[in-house]
Amino acid sequence: MRILVTGGAGYVGSHAARLLNQSGHEVWVYDNLSQGHREAAIPGRLIVGELLDRKRLAELLREKRIEAVMHFAASALVGESVTNPAKYYQNNLVASLSLLDAMRDAGVSRIVFSSTTATYGAPRVVPITEDEPQQPINPYGFTKLAIERALSDYASAYGLAVAALRYFNAAGASPDGDLGEDHDPETHLIPLVLQVALGQREKIFIFGDDYPTPDGTCIRDYVHVDDLATAHLAALERLEPGQMMRLNLGTGRGHSVREVVDTCRRVTGHPIPAEVSERRPGDPPELVADASRAFQQLQWQPRYADLETIVETAWRWHASRPHGFQS
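What counts and how
Residues numbered from 1 in each chain as written. Predicted model: local features only at pLDDT ≥ 70, side-chain atom pairs only at ≥ 80, totals over all residues. Heavy atoms only, no water. Salt bridge = Lys/Arg side-chain N within 4 Å of Asp/Glu carboxyl O. Helix = DSSP H or I, 4+ residues; strand = E, 2+ residues; numbered from the N terminus. Buried < 20%, exposed > 50% of the residue type's maximum accessible area, 1.4 Å probe, protein only. Contact = heavy atoms within 4.5 Å. Polar contact = N/O pair within 3.5 Å; in protein donor to acceptor, adjacent residues only side chain to side chain. Phe/Tyr/Trp six-rings, centres within 6.5 Å; stacked < 30°, edge-to-face > 60°. Lys NZ or Arg CZ within 6 Å of the ring centre and 35° of its normal.

(A) Representation of the pattern of salt bridges. Using the criterion set out here, one finds 20 salt bridges in the structure. We note a salt bridge from Arg166 to Glu148, for which the minimum N-O separation is 2.8 Å. One end of the pair, Arg166, is in strand S6 (residues 161-167); the other, Glu148, is in helix H5 (residues 139-158), with 18 residues separating them in the sequence. Residue Glu148 is classed as buried on the basis of its relative accessible area of 3%. A cluster of three or more residues bridged by salt bridges with shared partners is formed by Arg54, Asp101, Arg104 and Asp105.

Shown next, in the form of structure tokens:
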């Protein structure tokens, strides 16, 4: 199949694009490189461009005879979405609508969308099922939910075949150590902790230790980036015209901030000083997936469900590339 991967030079998108390529698909990466890295894209398959350029997108889709799109391109910093919502409504919502209309112009009717647990907001029940009310509490979550609603309407009205994959905390790196996480600024917990082990930070801050959890720190469900890529491929193979799949992607196991720090200490052999700080506004105490629907519908099971294995792959990447793709 001929597939366009938007945001395919970014963290999750690059892992998915590589898996698609290894699986025998003809893959093209479309990325503006504002957050992605040229080095992360499949060699010779990167097209630098903007999603808002609908005319060029439609021409590209026709020229490459694209049959399906995987859409990862988005701004994804929760805090920034609060202080600069205009960026998020433009980059996430308006740009995604431009992509959808370019697909209609070019007659492309299949799309797998990178959604997020942020669409649920602060859930009432954990583990979180797909039937939990979607009540986002920040512009990032609102924009992702708005895209999901648009995709549902496009599926009903125009026969689009859609999968919206709501994943929890993407983590880890390619086991061979040549593809991993490189954000500026970095906001994800595991790479921040590993930066302490690398001497790039003095200590890690734990934001709140008085949550209603066993050790008082927030609990999250960490899912390996290669497992996310596998789920995207499985979803692509099961798309149905006029229908939309909505699936959580996670391991179903939660780990606290303290557990993550302790695991990083074991893996790296570094003491990793930690200091408790004030809670951050809007941090739910616990976010864990009920991913049983994805297990059933996609025949998907995470291969790297153990936190220590996830951290080991991340450490292999960060230790060999302490400055990311510029190392």
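From this point, things continue past the structure.
(B) Region of interest: the environment of Thr116. Position of Thr116 relative to the elements: it lies in strand S5 (residues 110-116). Overall, Thr116 belongs to the buried group, its relative accessible area being 7%. In this structure, the C-alpha to C-alpha distance between Thr116 and Tyr140, residues 24 residues apart in sequence, is 9.4 Å. Residues contacting Thr116, with those up to four places away along its chain left out, are Tyr140, Lys144, Leu165, Arg166 and Tyr167. Of the polar contacts made by the side chain of Thr116, one reaches the backbone nitrogen of Ala118; its length is 2.9 Å.

(C) The arrangement of the packing of aromatic side chains in detail. With the rule as written, the count across this model stands at three aromatic pairs. Both rings, one in Phe295 and one in Trp300, keep their centres 5.8 Å apart while their planes meet at 40 degrees; by these two values the pair is tilted. You can call Phe295 partly exposed: its relative accessible area is 23%. Residue classification places Trp300 among the buried positions, given a relative accessible area of 2%. Ring geometry for Trp317 versus Phe325: centroids 5.0 Å apart, planes at 55 degrees, classification tilted. According to the relative accessible area criterion, Phe325 is buried, its value standing at 7%. Positioned above the aromatic ring of Trp28 is the side chain of Arg45, whose terminal nitrogen or guanidinium carbon lies 4.2 Å from the ring centre. Against the face of Tyr211 rests Arg279, its NZ or CZ located 3.9 Å from the ring centre.

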